[in-house]
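# Topology and contacts: notes
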Amino acid sequence: MGTILFPAFRDYYGSKEAAWRTICVIPASMAFVWGIILPFISDDAPMGNYNYMKKKGTMDRVFFTTSLRSGATRNTWILFIQYASCFGVELVMNNASVLYYNSRFGLDTDQAAAIGFVYGSMNIFARGLGGLISDRLNTKMGMRGRLRLQTFFLIMEGLLIVVFSFMQTLPAAIATMCLFSIFTQAAEGAIYGVVPYISKLYTGAVAGFVGSGGNVGSVVYGLGFRSLEYDTAFLMMGSIVIASSFLSVFINIPCHAGLIWGEDNHAVIQARERYLRRRDMARQQDAGETANTDGNGEENTPDELVRE
């Protein structure tokens, strides 16, 4: 939004500072209005609103303090740190990238903002892609596949941040930024592929804790960029991200294999096998329906297939 609106507001006010301040008000106002509308047009959960579900007895009453205590486990705090190392990086890069290209390569603010927009645009597909790959690996390797994937994404993200800090030309910097942006967003999707397994009863609390890690990470990295040179700040940020990836070793989810040790229990393996059988049966049915349809899109009856 800032990239698109900045030139118009800059020309209207005749001041870059006034343009940026005005632009920041627009998404905040839109979010505020939408936050007021949303409760009136949506449900709390797929089964309905919480108050109605509690009255019917289909939902247990969970106290806030109980949810917090039960959700804040060791696994949750590890994912908190790891999410700070990907979503926190994304948040700080939305601002730091513009300032970096402005000071390092001498670009105008609107030009630097346009390049910074490229970083954020990777989010259109990369975060969902990380979650998709995590789901696919889960069907083949179980939880170990999910943990290996998020560890890989975090390592690649950290390495590319370090490489980005050494780029001397604008095209190389943009290309490296796009690559590490993809791994950053994909790591976010992969981490949230693990979140539902931490605590099935208190998934909301776990998701909230992990998500807040991104905001904490952005504050920490933002302080680094305020007090250090850009190259040093990027090295610091990349090193923290790489270090956080090794915390996956200590994630231990009951009944599921860990990154290095442990195995899925029998019930988890059976559930995965049942899912794979249902998926294969659905694919076979779809293939059979396609085979029973002629080129004109008309379905052939069994008698017609025999005659053919």
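Refer to the structure printed above.
An account of the accompanying structure is given in this report. The structure displayed is predicted, hence computed values, not measured ones.

## Considerations on the side chain of R272
Within the secondary structure, R272 is located in helix 13 (residues 266-291). Among the residues examined, R272 registers a relative accessible area of 18% and is labelled buried. Each residue touching R272, except ones within four places of it in the same chain, is listed here: N138, T139, G142 and D264.

## Structural notes on the environment of M47
In this fold, M47 is placed in the loop between helix 2 (16-41) and helix 3 (50-56). On a C-alpha basis, the gap between M47 and T58 in space is 9.1 Å, while along the polypeptide they are eleven residues apart.

## Structural notes on unusual backbone geometry
Glycine aside, a negative phi is what most residues show, and trans is what most peptide bonds show. Unlike most non-glycine residues, C255 shows phi in positive territory, near 75°. Counting through the fold element by element, C255 comes out in the loop between helix 12 (230-245) and helix 13. When its relative accessible area of 42% is taken as the criterion, C255 is described as partly exposed.

## A few points about helix 6 (residues 87-104)
A rise of 1.5 Å per residue sets the reference length of helix 6, with its 18 residues, at 26 Å; its end C-alpha atoms lie 24 Å apart and thus fit the reference within 8%. Along helix 6, the largest kink reaches about 40° and is centred on M93. The set of residues buried in helix 6 consists of F87, G88, V89, E90, V92, M93, A96, S97, V98, Y100 and Y101. At the C-terminal side of helix 6, G106 shows a positive phi close to 70°.

## Structural notes on the packing of helix 6 against helix 10 (residues 170-198)
Where helix 6 meets helix 10, the axes come as close as 10 Å, and the angle between the chain directions of the two elements is 165°. What the angle tells us is that helix 6 and helix 10 run roughly antiparallel. Remark: the crossing between helix 6 and helix 10 carries left-handed chirality. Residue-level contacts link F87, V89, E90, M93 and Y101 of helix 6 to L170, A173, I174, M177, F180, T184, Q185 and E188 of helix 10. Considered class by class, the residues forming the contact of helix 6 with helix 10 number nine nonpolar, two polar and two charged.

## Overview of the packing of aromatic side chains
Enumeration over the complete set of coordinates arrives at 19 aromatic pairs. Plain terms: the ring middles of W77 and F80 are 5.3 Å apart, the flat faces sit at 70° to each other, and that makes the pair edge-to-face. You can see W77 and its partner F80 sitting in helix 5 (residues 74-84), three residues apart, about one turn around the helix. Judged by relative accessible area, which is 14%, F80 ranks as buried. When the ring of Y100 is compared with that of Y230, the centres are 5.9 Å apart and the planes differ by 85°; the resulting orientation is edge-to-face. One end of the pair, Y100, is in helix 6; the other, Y230, is in helix 12, and 130 residues separate them in sequence. Residue classification places Y100 among the buried positions, given a relative accessible area of 1%.

## Topic: the pattern of salt bridges
Where charged atoms from two side chains of opposite charge come close, those side chains can pair. Applying the stated criterion across every chain yields a total of seven salt bridges. Here D231 and R104 are joined by a salt bridge, their closest N and O atoms 3.0 Å apart. In this pair, D231 sits in helix 12 while R104 sits in helix 6, placing the two residues 127 residues apart along the sequence. Residue D231 is classed as partly exposed on the basis of its relative accessible area of 33%. A salt bridge links E188 to R127; its shortest N-O distance comes to 2.5 Å. Highlighted residues: E188 in helix 10 and R127 in helix 8 (residues 126-141), separated in sequence by 61 residues. Looking at E188, the relative accessible area reads 1%, which means it is buried. Several salt bridges converge on common partners, so that one network encompasses E90, R127 and E188.

## Side note on helix 2
Its 26 residues place the ends of helix 2 38 Å apart at the C-alpha level, agreeing with the 38 Å of an ideal helix rising 1.5 Å per residue. At G35, helix 2 shows its largest bend, some 25°, and a proline, P39, comes one to four positions later.

## Focus: the nonpolar core
The biggest cluster of nonpolar side chains holds 49 residues, and the ones touching the most others in it are V89, Y101, F180 and M237. At the level of secondary structure, the elements contributing two or more residues to this core comprise helix 5, helix 6, helix 7 (109-121), helix 9 (143-165), helix 10, helix 11 (203-227) and helix 12. Sequence-distant contacts of Y101, defined by excluding residues within four places in its chain, comprise G106, L107, A112, I115, F164, L170, A173, I174 and M177.

What counts and what doesn't
- Residues numbered from 1 in each chain as written.
- Predicted model: local features only at pLDDT ≥ 70, side-chain atom pairs only at ≥ 80, totals over all residues.
- Heavy atoms only, no water.
- Helix = DSSP H or I, 4+ residues; strand = E, 2+ residues; numbered from the N terminus.
- Buried < 20%, exposed > 50% of the residue type's maximum accessible area, 1.4 Å probe, protein only.
- Contact = heavy atoms within 4.5 Å.
- Expected span 1.5 Å × (residues − 1).
- Bend = angle between axes of the 7 residues up to and from the residue.
- Axes fitted to C-alpha atoms, helices over the stretch in contact; angles between N-to-C directions.
- Parallel < 35°, antiparallel > 145°, perpendicular 65-115°, else oblique.
- Left-handed = near helix turned anticlockwise from the far one by under 90°.
- Nonpolar A, V, L, I, M, F, W, Y, C, P; charged D, E, K, R; others polar.
- Phe/Tyr/Trp six-rings, centres within 6.5 Å; stacked < 30°, edge-to-face > 60°.
- Salt bridge = Lys/Arg side-chain N within 4 Å of Asp/Glu carboxyl O.
- Core = buried A, V, L, I, M, F, W, Y, C linked by side-chain atoms within 4.5 Å.

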